[in-house]
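Structure assessment
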Amino acid sequence: MRQAGAYSGILSGGGISGRTGPHLLPLARIKKIMKKSSVDVKMISGEAPLVFSKACELFIEELTKRSWNMTIQGKRRTLHKEDVASAVATTDVFDFLIDLVHPNASGDVELDEEHVEQKQ
């Protein structure tokens, strides 16, 4: 059986943050979200939240990079929610987020409140 510490070192490339380990996101929160995802999910190994943590980090980095490109195209230096919505709309891999973030008739971005409440 692998030790969680050794596995998390592999995932993080060996770097250690100032927090309780090499992960940047709270593992307890990730595990809680995983358990809430389905009534069938009862047991979660110690390694699974580590993998999800790294996957979430990579997802946030990629979405931020694409959103920042939208900011630069708009000749601004502050990333706005409209930039995130544009990045989602122009990137096929983020199609699953289209219902969460969408522009309204005035061009502003609205969060789909119903979808947000379901996730909380």
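Everything below is about the structure printed above this text.
Below or above, wherever it landed, is the structure these notes cover. Just so you know, these numbers come straight off a predicted model, no measurement behind them.

**Focus: the overall build of the protein chain**
Looking only at helices and strands, the protein chain features 5 helices and 2 strands. The buried share among the 120 residues of the protein chain stands at 20%. Considering only intrachain contacts with a sequence separation of at least 6, the fraction spanning at least 24 residues in the protein chain is 33%. When the accessible surface of the protein chain is split by element, carbon and sulfur atoms take 58% of a total near 8800 Å².

**A word on the packing of helix α2 (residues 27-36) against helix α3 (residues 48-73)**
Two numbers describe how α2 lies on α3: the axes approach to 9 Å, and their chain directions differ by 100°. In this view, α2 runs roughly perpendicular relative to α3, as classed from their interaxial angle. Contact with α2, carried on its side by Leu-27, Ile-30, Lys-31 and Met-34, involves Ala-48, Pro-49, Leu-50, Phe-52 and Ser-53 of α3 and no other residues of that element. For the contact of α2 with α3, the class distribution of residues is 7 nonpolar, 1 polar and 1 charged.

**Things to note about the packing of aromatic side chains**
Tallied over the full model, the rule gives 2 aromatic pairs. Between the aromatic rings of Phe-59 and Phe-96, the centroid separation amounts to 6.2 Å while the plane-to-plane angle is 40°, which identifies the pairing as tilted. Of this pair, Phe-59 sits in helix α3 while Phe-96 sits in the loop between α4 (81-90) and β1 (101-103), and the two are 37 residues apart along the sequence. Judged by relative accessible area, which is 30%, Phe-59 ranks as partly exposed. One aromatic cluster in this structure is built from Phe-59, Phe-94 and Phe-96.

**Observations regarding the packing of α3 against α4**
Relative orientation of the contacting elements α3 and α4 amounts to 110°, with a least axis distance of 8 Å. Taken together, α3 and α4 sit at an angle that is classed as roughly perpendicular. Judged by residue contacts, Leu-63, Arg-66, Ser-67, Met-70 and Thr-71 of α3 engage Asp-83, Val-84, Ser-86, Ala-87, Val-88 and Thr-90 from α4. For the contact of α3 with α4, a count of residues per class yields 5 nonpolar, 4 polar and 2 charged.

What counts as what
- Residues numbered from 1 in each chain as written.
- Predicted model: local features only at pLDDT ≥ 70, side-chain atom pairs only at ≥ 80, totals over all residues.
- Heavy atoms only, no water.
- Helix = DSSP H or I, 4+ residues; strand = E, 2+ residues; numbered from the N terminus.
- Buried < 20%, exposed > 50% of the residue type's maximum accessible area, 1.4 Å probe, protein only.
- Contact = heavy atoms within 4.5 Å.
- Areas by Shrake-Rupley, 256 points an atom, 1.4 Å probe, with all protein chains shown as cover.
- Axes fitted to C-alpha atoms, helices over the stretch in contact; angles between N-to-C directions.
- Parallel < 35°, antiparallel > 145°, perpendicular 65-115°, else oblique.
- Nonpolar A, V, L, I, M, F, W, Y, C, P; charged D, E, K, R; others polar.
- Phe/Tyr/Trp six-rings, centres within 6.5 Å; stacked < 30°, edge-to-face > 60°.

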